[in-house]
Amino acid sequence: MSQAIGTFTIRPLNPLSDAELVHGWVTHPKASFWMMGDARLQDVEREYMAIASHAHHDAFIGLHDGEPAFLMERYDPVEVELKGLYEAEPGDIGMHFLVAPTDTPLHGFTLAVITAVMKELFADPSVLRVVVEPDVRNGAVHALNKAVGFEVLREITKPEKTALLSACTREQFQATTGGLS
């Protein structure tokens, strides 16, 4: 990533030792679309224990210059989140990300985070396309998705929300962001 922003690394989330940190993130008012605003610490532990034990869903902590700064989830959209809701293609992977709240925002940080997340996903050569399903009302994420190459496929109805199903191929990401280097 850009020297101006810093260095990003990603590590697996530990549901027990990271629960308190993640609880603060997912219950923050800025994380309203994460739909965990009323979650207790035990709820967050339980949610991420379930993800850790799931064969088709993984969670990670993203670090900025070595400090926890974002949450990333990777899932098989045929098995989780989008099962039966869209036309899957070979090489699809699903993604969620959440930037930690901060009192000192860094200009361009969230775009740098989603770029780092996409690079991490596309580092797996079997991943050909990333699919996402953000809430239709989440304009900030729609703009970020577009900035890294996502195209809107259509609205879909999920039990918890109306979502904007969007996808980004490896080629779209490279063309929009200048590559995977």
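See above for the structure.
Figured I'd write up the structure that's included with this text. If you're wondering where the values come from, they're calculated on a predicted model, not measured in any experiment.

### Observations concerning the nonpolar core
Generally speaking, nonpolar side chains in soluble globular proteins are found buried as a group.
Piece 1. Counting residues in each nonpolar core, the largest one holds 26 residues, and the members touching the most others are Phe8, Met95, Val117, Met118, Val130 and Phe150.
Piece 2. Counting residues per element, this core draws most heavily on helix α3 (residues 109-122), which supplies nine residues.
Piece 3. Leave out the neighbours within four places in its chain, and Met118 touches Met95, Val130, Val148, Phe150, Cys168 and Phe173.
Piece 4. Counting residues in hydrophobic clusters, the runner-up holds 17 residues, among them Val22, Val44, Ala59 and Leu63.

### Here we look at the sheet that holds strand β7 (residues 161-169)
Piece 1. Pairing in this open sheet of seven strands is mixed, and the strands run β1-β2-β3-β4-β5-β7-β6 from one edge to the other. Where the open sheet ends on each side, the last strands, each with one partner, are β1 (8-12) and β6 (151-158). Strand-to-strand twist across the sheet, computed as the mean angle between neighbouring axes with direction ignored, equals 30°.
Piece 2. Pairing of strand β5 (residues 129-132) with β7, which is carried by four bridges, proceeds in the antiparallel orientation. The partner of Val132 across the bridge, within β7, is Ser166.
Piece 3. Together, β2 (57-64), β3 (67-75) and β4 (92-99) form the strand contacts of helix α1 (residues 19-26), whose direction differs from that of β3 by roughly 85°.
Piece 4. Strands β2 and β3 of the sheet are contacted by helix α2 (residues 41-53), whose axis makes an angle of about 115° with β2.

### Observations concerning the layout of surface pockets
Piece 1. Taken as a whole, the largest pocket holds about 1,200 Å³ of empty space.
Piece 2. Lining the largest pocket are 44 residues, with Lys30, Trp34, Phe97, Leu98 and Val99 positioned closest to its centre.
Piece 3. Looking at the lining of the largest pocket, the elements that each hand over two or more residues are α2, β2, β3, β4, α3 and α4 (139-147).
Piece 4. When residues of the lining of the largest pocket are assigned to their parent elements, the largest contribution, five residues, is made by β4.
Piece 5. Looking at the lining of the largest pocket residue by residue, the class counts come to 24 nonpolar, ten polar and ten charged.

Calculation rules
- Residues numbered from 1 in each chain as written.
- Predicted model: local features only at pLDDT ≥ 70, side-chain atom pairs only at ≥ 80, totals over all residues.
- Heavy atoms only, no water.
- Core = buried A, V, L, I, M, F, W, Y, C linked by side-chain atoms within 4.5 Å.
- Buried < 20%, exposed > 50% of the residue type's maximum accessible area, 1.4 Å probe, protein only.
- Helix = DSSP H or I, 4+ residues; strand = E, 2+ residues; numbered from the N terminus.
- Contact = heavy atoms within 4.5 Å.
- Pairing = 2+ DSSP bridges.
- Axes fitted to C-alpha atoms, helices over the stretch in contact; angles between N-to-C directions.
- 1 Å grid on protein atoms, 1.4 Å probe; cavity = no way out; pocket = protein on both sides within 12 Å on 5 of 7 lines; lining within 4 Å.
- Points joined across faces, edges and corners; volume = space filled by probe spheres on them.
- Nonpolar A, V, L, I, M, F, W, Y, C, P; charged D, E, K, R; others polar.

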